[in-house]
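Chain and residue survey
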Amino acid sequence: MKTLVAAAVAAVIAAAPAIAETKIGLITTLSGGGSHLGIDTRDAFMLAVEQAGRDDVTVIEKDDARKPDVAKSLADELIQKDKVQVMTGIIFSNLAMAVVPGAVRQGVFYVSPNAGPSALAGKGCHENYFNVAYQNDNLHEAMGAYMKAEGLTAPFILAPNYPAGKDSLTGFKRMFEGDVAGETYTKLGQTDYAAEIAQIRASGADSVFFFLPGGMGIAFMKQYTAAAVDIPVYGPAFSFDEIILGAVGDAAIGVKNSAEWTHDLDVPASKAFVAAFKEKYGRVPTIYAGQGYDTAKLILAALDKADPATDPDGFRAALAAAEFESIRGAFRFGPNHHPIQDIYVREVVAGPDGKPTNKLVGVALKDHQDAYAADCKM
Amino acid sequence: MTLALLVEQILNGVQLGVMLFLTAAGLTLVFGVMGLINLAHGSLFMTGAFVCAWVAGTTGSFWLGLGAGALAAAAAGAVVEMLVLRRLYDRDHLDQVLATFALILVFSEGARWIFGPQPLWLDAPAALSGAVSLPGGAAYPIYRLAIIGAGIGAALLLWALISRTRLGMRIRAGESDREMIGALGVDIRTLYTLVFALGAGLAGFAGAMVGALQSVQVGMGEPVLILAFVVIVIGGIGSVKGAFVGALLVGVVDTMGRVLLPMGFSNFMPPSEASGVGAALASMLIYVLMAGVLVWRPQGLFPAHG
């Protein structure tokens, strides 16, 4: 038996150089609001491909401009005209919902570097869909668990009034479990939070948890600091990546945020990645860069084992086995192809160059699996 | 709700109101005097914020940035008026909307091209950072009080300009009969450029002030533009006084709605549902207000051409 397996492995390895060219379609947000997320994902993905030095992999890059209809038509073009076998890149969940179900039904593999809507993790899961980053609720759940463990009893929670905002507060409450001092939904795209900040001050809360991605978070943090409220702030990593911190400035110092990876993680692969990324692009990688890098590493590792064009079942099994050197350390998928992973807590501190940056302070959840895995029947 | 919180929220509403007034004043003047619908007004607001952030970042002085932002917006407004809008005064409103919408795209892409896609960082000046205690105990950011002061100051200057100076007299004359003041020998082209630059400068000033509160990014002008249109429709199109009253009304109603509606609903709903329903209704409230005002006074509160 052993020799048989060894022979099979040897055959696969021997077959590897003969693998025909694999085309990977990378649709991500490279222009408009939120483009720094896509640019970081793309840059790190390309860094991994370049480091692998493979000339049998072609990456076709497309810019979705954060528009679902654009993403959908780009995906159709990639699948039908360019005949890509693997797709990746989408940052925003509403775009993922427009692209992923159609793509996987046509036999394409989709490996998500960021968007993890609950609809694709539970009943809507698919054998060809993998998420390397997280299920969307995870970082909010982690903060709920962390704040509970910290002994906080009366958080004031707020998020924009749209599906991801509601999921965020639901995820937070799932793990926090206790009562909250106040709960507010703001308008999507709101830029002035004076009214909410006054409510927070008057609510008697002992902490604030907020999920306000992009410019909304920048505005909130600046105004919160200017209003001299001294209630500590917590949130998911989305409002505290290194690029947003540049715009928020010192107002963010002291904020704790949850993330599944951070650039100062004590993992050799992570340190090597951070150094290589800094050297090539001259900036500190955000979590989106980390996710883009892991996504590329996973796809490349699976390509070593099987060719998606001729052996889709083998390629799928190779993706699911996730035998690659993740910058998060150990990495594994749950039954719904979403990661089971540790989620960390970082604190925003003044960096060595005076600019604010994130520092690892603890682990919020160990080996955390999303709440939807049980609903997934593949 | 305690008195301190109420006072604080009313101040928040007034602050939002005066910001809206600065943006709406230019819009309503341009419509009143030239009959032009200018969708690109939000882009001038953005121009002010970007230039202010850039100059403040380069020189380290917010005040230089503020001046530069207002001047740059005024200059951009004058250039746009001379190059593009001048040809549109005699066309119908649909052509104007189309052309000025195109200008939004040009300004947005231009800002992205010059300043990059990342939001810029603009901090309030040190002299205005921090907070003061209000009667009743709540702390209130000094910068927001300064915005209220600057907005009211700008409103007074604008009022003095329009009702007390020769330029203002011409603007008023232009509002009531543009052929006639042309026939009387007033250089109507220069007057139009001046009015447009004035409106643009006010919007740029507002953008620069607001830039220190939020993030300076491409597309920041459009949400303000929509509110400014609501303001001038409520106040009466073309009326600066109407814009002032309308802006304060919109600012206070919007702020108080966001606070009071979820509170009201939580009396007979579970808190998480109440905040969802309340927030949804609050975001509609100013449009309900606009519809109500229009039913009551179809020309707005202070019709310019009574």
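Presented here is an overview of the structure given in this document. All values reported here derive from a predicted model rather than from experimental measurement. (Residues numbered from 1 in each chain as written. Chains lettered and ligands numbered in written order. Predicted model: local features only at pLDDT ≥ 70, side-chain atom pairs only at ≥ 80, totals over all residues. Heavy atoms only, no water.)

**A few points about the overall build of chain B**
- Helix and strand counts for chain B stand at 11 helices and two strands.
- Starting at the N terminus and ending at the C terminus, chain B contains elements arranged as α-α-α-α-β-β-α-α-α-α-α-α-α.
- Taking 19 Å as the expected radius of gyration for a compact globule of 306 residues, we find that chain B reaches 20 Å, a close match to that expectation.
- The C-alpha extent of chain B, read off along each of the three principal axes, is 65 × 50 × 35 Å.
- Residue burial in chain B is summarised as follows: out of 306 residues, 52% are buried.
- In chain B, 77% of the contacts between residues at least 6 apart in sequence involve partners at least 24 apart.
- When the accessible surface of chain B is totalled, it reaches about 13100 Å², and 71% of it is carbon and sulfur. (Helix = DSSP H or I, 4+ residues; strand = E, 2+ residues; numbered from the N terminus. Rg over C-alpha atoms; globule rule 2.2 N^0.38 Å. Buried < 20%, exposed > 50% of the residue type's maximum accessible area, 1.4 Å probe, protein only. Contact = heavy atoms within 4.5 Å. Areas by Shrake-Rupley, 256 points an atom, 1.4 Å probe, with all protein chains shown as cover.)

**Some details on the overall build of chain A**
- Scanning chain A from N- to C-terminus turns up 12 helices and 13 strands.
- Along the first, second and third principal axes, the C-alpha set of chain A runs to 70 × 45 × 45 Å.
- Within chain A, residue pairs in contact and separated by at least 24 positions form 69% of the contacts whose partners lie at least 6 positions apart.
- Accessible surface, chain A as shown: approximately 13600 Å² in total, 55% of it carbon and sulfur.

**Points about the packing of aromatic side chains**
Residue and element names in this part refer to chain A.
- Taken as a whole and assessed by the stated rule, the structure comprises 23 aromatic pairs over all chains.
- Among the aromatic residues, ring-to-ring pairing joins Y193, F210, F220, Y224 and F240 into one connected group.
- Here the basic side chain of K166 rests over the ring of Y185, its NZ or CZ set 5.6 Å away from the ring centre. (Phe/Tyr/Trp six-rings, centres within 6.5 Å; stacked < 30°, edge-to-face > 60°. Lys NZ or Arg CZ within 6 Å of the ring centre and 35° of its normal.)

**Considerations on the interface of chain A and chain B**
- Contact residues are listed per partner, giving 34 residues for chain A and 34 residues for chain B.
- Between chain A and chain B lies a buried interface of about 2600 Å² when both sides are counted; carbon and sulfur atoms form 55% of it.
- Among the salt bridges present, the one from A:E196 reaches B:R258, with a minimum N-O distance of 2.9 Å.
- Where chain A meets chain B, there are 12 residue pairs in polar contact (both at pLDDT 80 or more). (Buried area = accessible area lost by both parts, 1.4 Å probe. Salt bridge = Lys/Arg side-chain N within 4 Å of Asp/Glu carboxyl O. Polar contact = N/O pair within 3.5 Å; in protein donor to acceptor, adjacent residues only side chain to side chain.)

**Details of the nonpolar core**
- By size, the foremost hydrophobic cluster in this structure holds 92 residues, and its most contacted members are A:M87 and A:F273.
- Sorting elements by how many residues they give to this core places helix α11 (residues 287-305) of chain A first, with 11 residues.
- Non-local contacts of A:M87, meaning those with residues more than four positions away in its chain, are made with A:G25, A:I27, A:A75, A:I79, A:V99, A:A103, A:V108, A:F109, A:Y110 and A:V111.
- Within the second largest apolar cluster, 80 residues are counted, among which are B:L29, B:L88, B:L225 and B:V231. (Core = buried A, V, L, I, M, F, W, Y, C linked by side-chain atoms within 4.5 Å.)

**Focus on the pairing of strand β8 (residues 207-210) of chain A**
All names here are of chain A.
- Judged by which residues are buried, β8 turns out to be covered on both faces: S207 and F209 on one side and V208 and F210 on the other are all buried.
- The pairing of strand β6 (residues 155-160) with β8 spans four bridges and is classified as parallel. Within β8, the position partnered with F156 by the bridge is V208.
- Sheet analysis places β8 next to strand β9 (residues 233-236), joined by two bridges and oriented parallel. Each residue of the ladder has a partner; that of F209, found in β9, is Y234.
- Once the chain exits β8 it traverses helix α8 (residues 215-226) before rejoining the sheet at β9, and the crossover so formed is right-handed. (Pairing = 2+ DSSP bridges. Right-handed = clockwise from strand over helix to strand, strands pointing away.)

**A short note on the state of the cysteines**
All names here are of chain A.
- One pass over the full model with this rule turns up one disulfide over all chains.
- Across the disulfide from C125 sits C376; the S-S distance is 2.0 Å. Its torsion about the S-S bond being 90°, the disulfide of C125 and C376 is classed as right-handed. A residue pair is termed long-range when its members are at least 10 positions apart, and C125 in the loop between β4 (109-112) and β5 (129-131) and C376 in the segment after β13 (356-368) qualify at 251 residues. You'll find C125 and C376 in the same group, each marked buried. (Disulfide = S-S within 2.5 Å.)

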